[in-house]
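Listed here are the chains, written in short residue letters.
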Amino acid sequence: MLLALETSCDETSAAVIHGGRVLASVVSSQIKLHAEYGGVVPELAAREHLRNLIPVTRAALTEAQITTGQLEAVAATRGPGLPHALMTGFKSAQALAFVLRRPFLGIHHHEAHLYSPWISGKPPVADFAAFEPNVSLIVSGGHTMLVHVQGELKHRVLGSTLDDAAGECFDKTGKLIGLPYPAGPEIDRLAEKGNAAAFDFPRPMINDPSDDFSFSGLKTSVRYFIRDHPGLLETSAGVSDLCASVQAAIIAVLVKKTVQAANRLGVRCVTASGGVTCNRSLRRALASACQAQGLKLRLAEKELCTDNAAMVGILGERKLSHGSTGNSFNEDIRPNWPLAEEPIAAR
Ligand code: KG4
Ligand code: ZN
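Parameters at a glance
Residues numbered from 1 in each chain as written. Chains lettered and ligands numbered in written order. Predicted model: local features only at pLDDT ≥ 70, side-chain atom pairs only at ≥ 80, totals over all residues. Heavy atoms only, no water. Helix = DSSP H or I, 4+ residues; strand = E, 2+ residues; numbered from the N terminus. Buried < 20%, exposed > 50% of the residue type's maximum accessible area, 1.4 Å probe, protein only. Areas by Shrake-Rupley, 256 points an atom, 1.4 Å probe, with all protein chains shown as cover. Lys, Arg positive; Asp, Glu negative; His and termini not counted. Charge placed at Lys NZ, Arg CZ, Asp CG, Glu CD. Pairing = 2+ DSSP bridges. Axes fitted to C-alpha atoms, helices over the stretch in contact; angles between N-to-C directions. Contact = heavy atoms within 4.5 Å.

Participant: Break down the overall build of the protein for me, citing the residues and quoting the values.
Facilitator: Helix and strand counts for the protein come out as eleven helices and twelve strands. Principal axes of the C-alpha set define a box for the protein whose edges measure 65 × 45 × 35 Å. Across the 347 residues in the protein, those meeting the buried criterion constitute 54%. Of the accessible surface of the protein, which amounts to about 14,200 Å², a share of 55% is contributed by carbon and sulfur atoms. Treating the 34 positive side-chain charges of the protein as one cloud and the 34 negative ones as another, the clouds have centres 3 Å apart.

Participant: I'd like a rundown of the sheet that holds strand S12 (residues 296–299), residues and numbers included.
Facilitator: Across the sheet, five strands lie side by side as S10-S9-S8-S11-S12; this open sheet has mixed pairing. Edge positions in the sheet fall to strand S10 (154–160) and S12, since each of these pairs with one other strand and no more. This sheet shows a mean twist of 20° between the axes of neighbouring strands, independent of strand direction. Pairing geometry for strand S9 (residues 144–151) and S10, over six bridges, is antiparallel. By the bridge assignment, His148 is partnered in S10 with Arg156. Against the sheet, helix H9 (residues 280–293) touches strand S8 (134–139), strand S11 (269–273) and S12, its axis set at about 160° to S12.

Participant: Break down the side chain of Lys219 for me, citing the residues and quoting the values.
Facilitator: On the secondary structure map, Lys219 appears in helix H7 (residues 216–228). Those residues within four positions of Lys219 in sequence are excluded, and the remaining contacts are Asp164, Cys169, Lys172 and Leu176.

Okay, here's the thing in structure tokens:
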């Protein structure tokens with residue numbers, strides 16, 4: 001039985017894992033708190049984690065019907081993330097493991113995202129028997145990257161965004177339109193009613209052979225487009241068409257580059273996770289592109305796309321079963337921890 005905590009950004013989450021099964025997963029989102037400020041306020045996030053951590057952990061233990069004495073290990077996100085936010089979950093988990101005399105695991109947040117598409121069902125179970133080498137797209141508010149997952153716990157970063165993340169592009173575009181933060185879900189909703197071919201926005205780096213992305217230029221072209229079409233935002237059809245067209249540009253780049261990387265590497269499986277993977281049009285576009293190319297696709301379930309401790313715990317347990325003895329109690333958080341540095345199972 002393993003307890004995992006996740007506090008890297010604006011979700012306080014605790015999960016209990018046993019034998020690849022998610023016995024409990026509790027997520028307390030701070031979205032409402034930060035919406036007022038149009039983005040995550042790091043100081044407020046850390047204070048909110050401190051307030052929520054014990055109730056959320058207690059709820060997870062109750063849901064799993066266990067006591068702390070039954071825990072065999074404790075894991076927490078070590079980075080990357082907001083320093084003070086990370087510290088709350090990481091140090092709490094370390095202290096608990098120390099008192100219980102159990103191994104402690106500091107987990108890389110993005111490495112955890114890499115395995116979230118393999119967790120599914122109700123209750124969720126990690127299906128590592130089905131695991132196969134893949135190209136994994138991680139798309140969230142802070143990150144956009146393509147990773148070659150060569151085997152279990154073995155990966156190599158192929159490329160990432162040179163500026164804004166895809167989720168950031170959704171959020172910043174939404175701000176220009178006047179939508180509340182985070183705008184991704186709202187753009188998703190409005191775009192369903194719009195015409196994606198109404199306006200032609202640039203698809204940055206779509207023909208670039210590298211696996212890198214760039215989204216800040218797209219956001220800037222949306223700004224000029226709105227300036228040059230003053231009546232556009234006054235009709236709901238105009239707003240929906242704008243949302244659908246911008247969304248289509250973002251998705252076209254994500255899908256093309258993901259499939260391109262898989263084909264180049266001769267990998268037959270594609271996975272995707274991170275908050276933007278909740279986007280319905282992205283899910284459909286990935287599904288049809290992969291089908292056309294004969295690629296298998298595993299999308300993280302929507303509840304596991306956004307930040308959660310279940311994926312942290314599943315990876316922590318997997319590391320233990322691959323021979324990891326855990327991390328030292330002296331280790332600290334790593335707010336800028338690069339994923340490329342974490343390819344070895346036993347670390
Ligand atoms: O993974 P996540 O919860 O947090 C991190 O950034 O780590 O991702 C949040 C991001 C936000 O930018 C949000 O706008 C975006 O994911 N997002 C979406 C959708 N749901 C969340 N973007 C597009 N369509 C959605 N349905
Ligand atoms: Zn994340």
